[in-house]
Amino acid sequence: QHTFEKNYKENIVSLTSASTIAVDCSLSSFFEVTLEHDNANFVLSNLPAGGTVSIVVTQDSGGGNSAAFYAADSTATKFAQGVSTLSAGANDIDVVTIFNNGGGTLLGTIQKDFT
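Now for a description of the structure that goes with this document. Residue numbers run consecutively from 1 along every chain, following the written order of its sequence. Owing to the predicted nature of the model, reporting of local features is limited to residues with pLDDT of at least 70; listing and counting of side-chain atom pairs is limited to 80 or more, with chain, interface and lining totals taken over all residues. Note: side-chain values were computed over all heavy atoms of the structure, leaving out hydrogens and water.

Looking now at the overall build of the protein chain. Elements are defined by DSSP. Helices are runs of H or I of four residues or more, strands are runs of E of two residues or more, and each kind is numbered from the N terminus. The helix and strand tally for the protein chain stands at zero helices and nine strands. In the protein chain, the succession of α and β elements from N to C terminus is β-β-β-β-β-β-β-β-β. Radius of gyration here uses only the C-alpha atoms, and the compact-globule reference equals 2.2 Å multiplied by the residue count raised to the power 0.38. Computed over the C-alpha atoms, the radius of gyration of the protein chain is 14 Å, within 12% of the 13 Å expected from 2.2 N^0.38 for a compact globule of 115 residues. The principal-axis extents of the C-alpha atoms in the protein chain amount to approximately 45 × 35 × 25 Å. Across the protein chain, the fraction of contacts at a sequence separation of at least 24, relative to all contacts at a separation of at least 6, is 52%. Note that accessible areas follow from Shrake-Rupley with a 1.4 Å probe, and for residues the cover is restricted to the protein chains shown. Accessible surface computed for the protein chain: about 6700 Å², of which carbon and sulfur atoms make up 49%. For this count, His and the chain ends are skipped, Lys and Arg are scored as positive, and Asp and Glu as negative. Where a charge lies is defined by one atom per residue type, namely NZ (Lys), CZ (Arg), CG (Asp) and CD (Glu). For the protein chain, the separation between the mean place of its 4 positive charges and that of its 11 negative charges on side chains is 11 Å. Note on contacts: a residue pair is in contact if any heavy atoms of the two residues lie within 4.5 Å.

This is how it looks when you write it as structure tokens:
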């Protein structure tokens, strides 16, 4: 049986924008980054089977940056209907959530355009 912990909060880890962005899920299950690179690659490590990670991605003031999400073993995240496009407007905020189903598949969703 699990109980809800009063005043529970996630440890938010800030990531640095780069062409390759390492997301070490042993540090937290919640990350944030201001995306300043187009075609950025988010590389997940240490996401256990049954684990979930969320990344708040904020476009920089120029917007239009894109990204791909996959595991360190090159397993690509599968998104609903194959769509993994981030919001492109300046300062747009998206929340990317990725679940490891334990069968070698990463399943992702993107909640878009928190402006």
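Here we come to the sheet that holds strand β4 (residues 40-45). Whether two strands pair comes down to DSSP finding at least two bridges between them. Within the open sheet, the three strands sit side by side as β2-β4-β6. Their pairing is parallel. Looking along the sheet, the strands with just one partner apiece sit at the ends: β2 (20-24) and β6 (67-71). The mean angle between the axes of side-by-side strands here comes to 20°, regardless of whether they run parallel or antiparallel. Across five bridges, the pairing between β2 and β4 is parallel. Across the sheet, threonine 20 pairs through a bridge with asparagine 41, a residue of β4. For every element, the axis is a line fit to its C-alpha atoms; helices are fit only across the contacting stretch, and the angle between N-to-C directions ranges from 0 to 180 degrees.

Each regular strand carries side chains that alternate between the two faces of the sheet. In terms of residue burial, strand β5 (residues 52-59) counts as a mostly covered element, since seven of its eight residues are buried. Pairing of strand β3 (residues 30-35) with β5, which is carried by six bridges, proceeds in the parallel orientation. Across the sheet, the residue bridging to phenylalanine 31 is isoleucine 55, located in β5. Only protein chains enter the accessibility calculation, which uses a 1.4 Å probe. A residue is then buried if its area is under 20% of the maximum for its type, exposed if over 50%, and partly exposed in between.

Position of asparagine 65 relative to the elements: it lies in the loop between β5 and β6. In protein, a polar contact means a hydrogen-donor-capable atom and an acceptor-capable atom, both N or O and within 3.5 Å, with residues adjacent in sequence counting only if both atoms are side-chain atoms; elsewhere, any N or O pair within 3.5 Å suffices. In terms of polar contacts, asparagine 65 uses its side chain to reach the side chain of aspartate 60, at 3.3 Å. Not counting chain neighbours up to four residues away, the residues in contact with asparagine 65 comprise Leu35, Glu36, His37, Asp38, Gln59, Asp60 and Leu86.

Here, nonpolar core means buried Ala, Val, Leu, Ile, Met, Phe, Trp, Tyr and Cys residues that are tied together by side-chain atoms lying within 4.5 Å of each other. Among the nonpolar cores identified, the biggest contains 24 residues, and Val23, Phe42, Ile55 and Phe69 are the most heavily contacted of them. The set of elements that each furnish at least two residues to this core consists of β2, β3, β4, β5, β6, β8 (93-100) and β9 (106-111). In this structure phenylalanine 69 touches Phe42, Ile55, Ala76, Thr77, Phe79, Leu86, Val96 and Ile98, once residues within four positions along its chain are discounted.

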